[in-house]
Amino acid sequence: MFDLEKLVRPNIRSLKPYSSARSEFSGVASVFLDANENSFGSPLTKWYNRYPDPLQWELKRKIAGIKNVPAEGMLLGNGSDECIDLLIRAFCEPGIDRVLICPPTYGMYEVYAHINNVGVDEVPLRAADFQLDLEGIEGALTAATKIVFLCSPNNPTGNSLYREDIEVILNNFDGIVVVDEAYINYSRNRSFLTELKDYPNLVVLQTFSKAWGLAALRLGITYASAPIISVLNKIKPPYNINAATQELALKALDKLDEVNAMIRETVQERNTLLEKLSIVPGVQQIFPTDANFVLVRFTDATRVYEYLRDCGIIVRNRSNVLLCDDCLRITVGTPEQDQKLLNALKEYPNA
Ligand SMILES: *Cc1c(COP(=O)(O)O)cnc(C)c1O
């Protein structure tokens, strides 16, 4: 049985959160002298002298309308990286509790676990298809496991995890199951957002950094049940999303059509790139991808990496990552950028 009260760290359960000026009074008034802001103004946009809404309600309501989820079921983070950190800090007692990850996967789950002195258990994806090893996961889960991090589509492999496999974990593990959907917009698979109402232990992460094209703004989204979101709200920094980011994200949300057009373009260019890569000498294997990047196995990836770097083209060398030997992770570029990459690869001295 999933028991949120029991899952939350005792010190967090009993924590009395900081009460900011703006959270103690957020109504309408004509004179605000409660937050030691600069009453005379700001050298930039006029209202930048004021602290932003700590719970970002306007932005959340707008996202809620687009994503068809309740605004109370969202926590915005300074990038999804902050969301990952908050989840670990809320549920994992340092030195005692553990998280489970399935490498090769996004590195920040492990990094934030270690920063918080939380142990990490690893159950590698199956070598044959980069899918979950359900038996291995079942065997690795203990009473100390508080969070399982799943990434779908997965970084750096690019594939989506089987939906039924994720559901098996959601149904059988009484801790938190995080499904990181940073690349979901590029995938043909449905988001797990629609499952939130069925699984009290499900947390879905999305971000403005990829398909939305706003990596510089640092804005990530945690979707979960309202009770889980309340726990995270207790421990987040009061003003973690700055006013400029809130404002710009609101503007971006008006441009859904433009974003969808970029997603279509990216997917189309991805398919072109895959096709052209398949006939490049030295390319051993191209892994199926549902993301805006592709993992490619070369004959000698590090040499190719260094050659491309010397041509001024930077890709990600993943050859030292588990199950990714001799692999480079290549982000889908514009047609022009990809052509430069392909031209360079064509001239790679294959001796
Ligand atoms: C890029 C990426 C993110 C995004 O992180 P932000 O902090 O929101 O920029 C999250 N998860 C995965 C797997 C990623 O690849």
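Residues numbered from 1 in each chain as written. Predicted model: local features only at pLDDT ≥ 70, side-chain atom pairs only at ≥ 80, totals over all residues. Heavy atoms only, no water.

Peer 1: Could you clarify how one ought to interpret empty space enclosed by the protein in this entry?
Peer 2: The probe, sized like a water molecule, is rolled over the atoms to show the empty space still left. All chains considered together, the criterion is met by 2 cavities of 30 Å³ or more. Looking at the largest cavity, its volume works out to about 100 Å³. Lining the largest cavity we find 14 residues, and of these K67, Q206, W212, I221 and Y223 sit closest to its centre. Every element with two or more residues in the lining of the largest cavity is listed here: α4 (57-67), β6 (202-207) and β7 (220-223). A per-element tally of the lining of the largest cavity places α4 first, with 3 residues. Residues belonging to the lining of the largest cavity are distributed by class as follows: 9 nonpolar, 3 polar and 2 charged. Of the volumes computed, that of the second largest cavity is approximately 40 Å³. Considering the residues around the second largest cavity, the lining is formed by C102, T105, L125, L132, F149, L150, C151, N154 and L161. Class assignment for the residues of the lining of the second largest cavity results in 7 nonpolar, 2 polar and no charged. (1 Å grid on protein atoms, 1.4 Å probe; cavity = no way out; pocket = protein on both sides within 12 Å on 5 of 7 lines; lining within 4 Å. Points joined across faces, edges and corners; volume = space filled by probe spheres on them. Helix = DSSP H or I, 4+ residues; strand = E, 2+ residues; numbered from the N terminus. Nonpolar A, V, L, I, M, F, W, Y, C, P; charged D, E, K, R; others polar.)

Peer 1: Looking at this model, I keep getting lost on the site of the ligand. Mind explaining?
Peer 2: Residues in close proximity to the ligand total 14 residues, the closest being S80, Y183, S209, K210 and R218. Here an oxygen atom of the ligand sits 2.6 Å away from a polar atom, N or O, in the side chain of Y183. One of the side-chain N or O atoms of T207 is found 2.7 Å from an oxygen atom in the ligand. Within the complex, the protein chains bury 94% of what would otherwise be the 390 Å² of accessible surface of the ligand. Tallied by class, the residues present in the shell around the ligand amount to 5 nonpolar, 5 polar and 4 charged. (Near = heavy atom within 4 Å. Polar contact = N/O pair within 3.5 Å; in protein donor to acceptor, adjacent residues only side chain to side chain. Areas by Shrake-Rupley, 256 points an atom, 1.4 Å probe, with all protein chains shown as cover.)

Peer 1: What should I look at first to understand the side chain of Q246 in this one?
Peer 2: Tracing the backbone shows Q246 in helix α10 (residues 243-253). The exposure class of Q246 is buried, given its relative accessible area of 10%. When near neighbours in sequence (up to four residues on either side) are disregarded, Q246 contacts P52, D53, Q56, L59 and I241. (Buried < 20%, exposed > 50% of the residue type's maximum accessible area, 1.4 Å probe, protein only. Contact = heavy atoms within 4.5 Å.)

Peer 1: Just checking my understanding: could you explain the domain arrangement of the chain for this structure?
Peer 2: Many analyses report the size of an interface as the accessible area lost when the parts associate. The assigned domain composition of the chain is domain 1 (4-255) and domain 2 (257-347). For domain 1 and domain 2, the distance between their C-alpha centroids amounts to 29 Å. Facing 23 residues of domain 1, the contacting portion of domain 2 comprises 22 residues. When domain 1 packs against domain 2, the two sides together hide about 1,800 Å² of surface, and 63% of this comes from carbon and sulfur. Its largest share of buried area at the contact with domain 2, domain 1 owes to P156, Y186 and K255, together 34% of the area lost on that side. Its residues placed into classes, the side of domain 1 that touches domain 2 shows 12 nonpolar, 9 polar and 2 charged. (Domains from an automatic or database assignment. Buried area = accessible area lost by both parts, 1.4 Å probe.)

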